[in-house]
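Breakdown of the fold
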Amino acid sequence: MNNLENRLATHTTNLVTHLSNGLPNQDLDRDGYIEELMRLLDNRQNVINELVNQDGHEPMDLTEEKRIKELLSTQLESLKKEISRFTKQKEGRQKYQQTYGRTESGVFLDKKTL
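Computed from a prediction, not measured in an experiment: that's the story for all the values here. (Residues numbered from 1 in each chain as written. Predicted model: local features only at pLDDT ≥ 70, side-chain atom pairs only at ≥ 80, totals over all residues. Heavy atoms only, no water.)

Observations regarding helix 2 (residues 27-53)
Turn by turn, an α-helix covers 3.6 residues, leaving residues three or four places apart pointing in a common direction. Quick reminder of the rule: Strands are runs of DSSP state E lasting at least 2 residues, helices are runs of H or I lasting at least 4, and numbering of each runs from the N terminus. Here a helix's expected span is defined as the number of its residues, less one, multiplied by 1.5 Å. Relative accessibility decides the category of a residue: with a 1.4 Å probe and only protein chains considered, values under 20% of the type maximum give buried, values over 50% give exposed, and everything between is partly exposed.
The end-to-end C-alpha separation of helix 2 is 39 Å, in line with the 39 Å expected for 27 residues at 1.5 Å each. Taken together, the buried positions of helix 2 are Arg 30, Tyr 33, Leu 37, Leu 40, Arg 44, Val 47, Ile 48 and Leu 51.

The following block contains the structure:
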């Protein structure tokens, strides 16, 4: 293994370790988690690009690549569900706050009693 391959293995290990920890429960921690994830992905991609540009490199082991994709897709689905839940909560709050509907004659009707 040459220097680039060692760096790729190190970046891959760091990325898998970070992904294996999972999403933090606190919103503030999530921002830092995602920023760190993006940094790790960028560093790893830079090393992969260097390897591709280098002549005579050996093919990479795709088992770690599959694992990374699985972990990323799991966390993406988790984030999508949470965004959906927040959207439903927001809609529910808006319905509760806007209880009066307007009619054509300009009279307001209480939607709760109808």
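Observations regarding the packing of helix 1 (residues 3-20) against helix 2
Our working definition: In this analysis an axis means a line fitted to C-alpha atoms, helices contributing only their contacting stretch, and an angle means the value between N-to-C directions, from 0 to 180 degrees. Angles are sorted into four bins: roughly parallel if under 35 degrees, roughly antiparallel if over 145, roughly perpendicular if 65 to 115, and oblique for all others. The handedness criterion is simple: a crossing whose near helix is rotated anticlockwise from the far helix by less than a right angle is left-handed, and one whose near helix is rotated clockwise is right-handed. We call two residues in contact whenever any of their non-hydrogen atoms come within 4.5 Å of each other. Throughout this entry, Asp, Glu, Lys and Arg are counted as charged residues, while Ala, Val, Leu, Ile, Met, Phe, Trp, Tyr, Cys and Pro are counted as nonpolar. The remaining residues, Gly among them, count as polar.
Relative orientation of the contacting elements helix 1 and helix 2 amounts to 155 degrees, with a least axis distance of 9 Å. Judged by the inter-axis angle, helix 1 sits roughly antiparallel to helix 2. As for the relative orientation of helix 1 and helix 2, their crossing is left-handed in sense. Facing Leu 4, Glu 5, Arg 7, Leu 8, His 11, Thr 12, Asn 14, Leu 15, His 18 and Leu 19 of helix 1, the residues of helix 2 in contact are Tyr 33, Glu 36, Leu 37, Leu 40, Leu 41, Asn 43, Arg 44, Val 47, Ile 48, Glu 50 and Leu 51. Here the contact of helix 1 with helix 2 is built from residues that sort into 11 nonpolar, 5 polar and 5 charged.

Some remarks on the confidence of the model for the chain
The following threshold applies: Confidence scores labelled pLDDT are given residue by residue by the predictor and lie between 0 and 100.
Averaged over all residues, the pLDDT of the chain is 80; the fraction at 70 or higher stands at 76%. Confidence, read as mean pLDDT per element, is least for strand 1 (residues 100-102) in the chain (58) and greatest for helix 1 (88).

Section: the pattern of salt bridges
Which entries qualify depends on this criterion: Whenever a carboxyl oxygen of Asp or Glu lies within 4 Å of a side-chain nitrogen of Lys or Arg, that contact is scored as a salt bridge.
If you walk through the whole model with that rule in mind, you get 4 salt bridges. Across the pair Arg 7 and Glu 50 runs a salt bridge whose closest N-O atoms are separated by 3.5 Å. Taken together, the positions of Arg 7 in helix 1 and Glu 50 in helix 2 put the pair 43 residues apart, joining distant regions of the chain. Salt-bridge contacts for Glu 36 lead to Arg 39; the nearest nitrogen and oxygen are separated by 2.5 Å. Taken together, the positions of Glu 36 and Arg 39, both in helix 2 and 3 residues apart, correspond to about one turn of that helix. For Glu 36, a relative accessible area of 29% puts it in the partly exposed group.

Quick word on helix 1
Threshold: By definition, the arc is the one covered by directions from the helix axis to the C-beta atoms.
Taking 1.5 Å as the rise per residue, helix 1 with 18 residues should run 26 Å; its terminal C-alpha atoms sit 26 Å apart, in good agreement. Restricting attention to buried positions, one finds in helix 1 the residues Leu 4, Glu 5, Leu 8, His 11, Thr 12, Leu 15, Val 16, His 18 and Leu 19. The buried residues of helix 1 all sit within an arc of 160 degrees when viewed along its axis, so they share a single face.

Observations concerning the side chain of His 18
Mapped onto the fold, His 18 is located in helix 1. For His 18, a relative accessible area of 14% gives the class buried. Those residues in contact with His 18 that sit more than four places away from it in its chain are Tyr 33, Glu 36, Leu 37 and Leu 40.

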